[in-house]
Each structure stands twice: as structure tokens, then as C-alpha cells.
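# Chains, contacts and geometry: an overview
The primary structure of each chain is shown beneath.
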Amino acid sequence: MAFALLRNGARSSFPLLERNYAALAALNGNNTTLTSHPQKIEQQTVGQPLPSFVSTSVRKYSKKANRPERAYESDSDSDSDDERESHRKKQGRRERGNSEFWRRKMRTLHGLLDVNKDGVISYDDFMLLTEKFASMGHLDQAEKEEFRDIMKATWIQQWGEITPYNLVTVEQYLTDMHHVVNDKDLRKKVHRFLPYLYKAVDKDHSGSISLKEFKLFFRCLGLTDEDAAVSFAVIDKNGDGQVTLDEFLKLGRDFLLTEREENVSRLFWGPLVEH
């Protein structure tokens with residue numbers, strides 16, 4: 001059996017075997033030598049036990065030959081571990097926009113953006129809202145044009161082409177906003193139209209809006225002065241009767257992103273719808 005292994009699997013280690021065998025033969029006074037032909041080896045040594053170092057060398061060779069296969073399997077296992085670890089991290093990352101509270105906020109905003117109250121948001125609604133704020137006369141011509149461009153770009157980015165048939169239902173709005181709040185780049189742009197709303201209602205250009213001006217903001221959204229008073233009392237945390245631009249932007253952005261019900265931004269767009 002040892003000869004069969006030598007003949008079939010250990011041909012590349014033959015020089016080593018030849019040297020070792022010659023050395024052993026010299027020690028034992030045996031003149032038997034190995035030739036370069038495995039057939040002659042078999043003829044010269046038939047019936048004689050093969051020295052133990054031969055089978056040992058064969059075993060060592062066999063292990064070396066198998067080692068790359070084991071290493072490949074180990075690398076494969078490591079790759080699988082990395083993939084599983086990556087999957088676990090993705091699962092552990094908290095996704096935004098899954099709470100019923102957040103969905104209520106988005107349904108509320110959908111209703112406000114549906115200016116003509118036909119149950120869907122259209123590009124016409126966007127332009128109607130823009131004109132409502134622009135017509136107050138508090139924006140100069142350049143600001144009006146920039147405001148329109150921002151609203152147009154926002155529409156195209158979120159809902160695509162501008163056609164009378166591109167209508168956004170409540171469920172589609174929820175789906176689209178869920179994508180926005182979970183996309184790092186889109187999150188940065190989600191509130192970029194708010195500065196124009198602020199400037200439009202900052203009648204005296206003081207850099208802050210009072211309750212009287214906040215009521216003007218709510219009227220443009222189709223809400224009542226009472227709604228404005230309740231919301232203003234909540235969002236004016238320091239009670240100074242003013243909301244600065246930074247506060248306005250933060251509140252508007254928090255409304256879109258946060259799922260904490262205790263956050264004062266929950267009333268930024270007025271009372272939330274029930275369902």
C-alpha cells in the first residue's frame with residue numbers, strides 16, 4: 001500500500017526519498033539504491049518492508065497538498081461571517097418613519113399641501129401654495145422667483161414629471177416621505193423651502209416672527225387664528241413672544257424627522273389629524 005501511495009501521490013518528493021533511502025542503506029551495509037523509475041523500485045524491494053520514513057514523508061506531502069483547500073474553506077467561512085455581521089448591523093440600525101405618530105404628522109402635512117382639497121397633492125397645489133405666500137408682498141421679485149424654483153425642484157425631485165396626471169395620494173406621500181427621511185442626502189434638503197415661508201410672513205423683516213405674523217402663516221395654510229395661537233404657545237418655549245428663523249427651521253425639520261411625541265414641533269403645522 002505504501003508503494004502504491006509512493007507511486008501515485010508522491011512522485012514530486014522522490015529525490016528526498018532517494019537520498020534518505022541511500023543514507024539508510026549505507027548505515028545498514030545495504031547497497032540497495034533507488035532509481036528514478038518507480039517500476040524498478042517495486043521490483044528491487046518486493047516483499048521487503050518499506051522503512052517508516054517513507055510513509056511519514058508521504059503523509060507529510062499529503063497534508064501539504066491538502067492545506068490550500070482547507071485555507072480556501074476558511075476564507076469562505078470568514079467571508080460568510082463578514083456578510084452575517086454586516087446584515088446584523090443593518091438590522092440593528094433604526095429606521096425612521098415607522099411609528100403611527102410619524103404617519104399622523106405626514107397625513108396632516110399632506111392635507112395642508114392639498115391646497116384645493118381634492119384629496120391628492122398635485123403640482124398645481126404646490127404652485128397655489130407658493131403664490132399664497134408670495135402674494136403677501138413681503139418677498140421681493142428675486143425671492144419670489146427663487147421660491148418658485150425651489151418648490152418646482154422639490155416637486156420634481158420627490159414626485160417626478162410635471163403633468164396634470166401626476167397626483168400624490170396620502171399613501172403615496174407616506175411612502176415617499178418614508179424614503180426621504182431614511183436617505184441621508186434627501187434628509188438634508190427636506191426643509192429647504194421653509195426659509196421662504198418664514199420670510200413671507202416676517203412682515204416687518206425683523207428676523208423673528210410674532211404671534212400676529214404666525215397667524216398669517218397659518219392662514220396661508222388654511223388654518224384658523226385659534227390653531228395658530230395654540231401652536232405658537234407650544235413652540236415658543238422661552239415665552240418671549242418671538243420665533244427666530246433658526247427656531248422656525250429647526251421646528252419645521254423636527255416635525256418631518258422626529259418620532260418623539262413629546263417634541264414641541266408636533267404642532268408646527270397645526271393640530272394633527274386623528275387618523
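Above this note sits the structure.
Residues numbered from 1 in each chain as written. Predicted model: local features only at pLDDT ≥ 70, side-chain atom pairs only at ≥ 80, totals over all residues. Heavy atoms only, no water.

## Some words on the packing of helix α11 (residues 211–220) against helix α12 (residues 225–235)
Following both chains from N to C, one finds α11 and α12 inclined at 125°, their axes separated by 9 Å at the closest point. Relative to α12, α11 is oriented oblique. Of the two elements, α11 crosses α12, and the hand of that crossing is right-handed. Where α11 abuts α12, its residues Leu211, Phe214, Lys215, Phe218 and Arg219 lie against Asp225, Asp227, Ala228, Ala229, Ser231, Phe232 and Ile235. The class makeup of the residues in the contact of α11 with α12 is 7 nonpolar, 1 polar and 4 charged. (Axes fitted to C-alpha atoms, helices over the stretch in contact; angles between N-to-C directions. Helix = DSSP H or I, 4+ residues; strand = E, 2+ residues; numbered from the N terminus. Parallel < 35°, antiparallel > 145°, perpendicular 65-115°, else oblique. Left-handed = near helix turned anticlockwise from the far one by under 90°. Contact = heavy atoms within 4.5 Å. Nonpolar A, V, L, I, M, F, W, Y, C, P; charged D, E, K, R; others polar.)

## A closer look at the pattern of salt bridges
Side-chain pairing between opposite charges can occur once the charged atoms of the two side chains come close. Under the criterion given, the structure shown has 8 salt bridges. Here Glu131 makes a salt bridge to Arg148, at a shortest N to O gap of 2.7 Å. Placement of the pair is Glu131 in helix α6 (residues 123–134) and Arg148 in helix α7 (residues 141–159), with a sequence separation of 17 residues. Each member of the salt-bridge network shares a partner with another, and the members are Glu131, Glu145 and Arg148. (Salt bridge = Lys/Arg side-chain N within 4 Å of Asp/Glu carboxyl O.)

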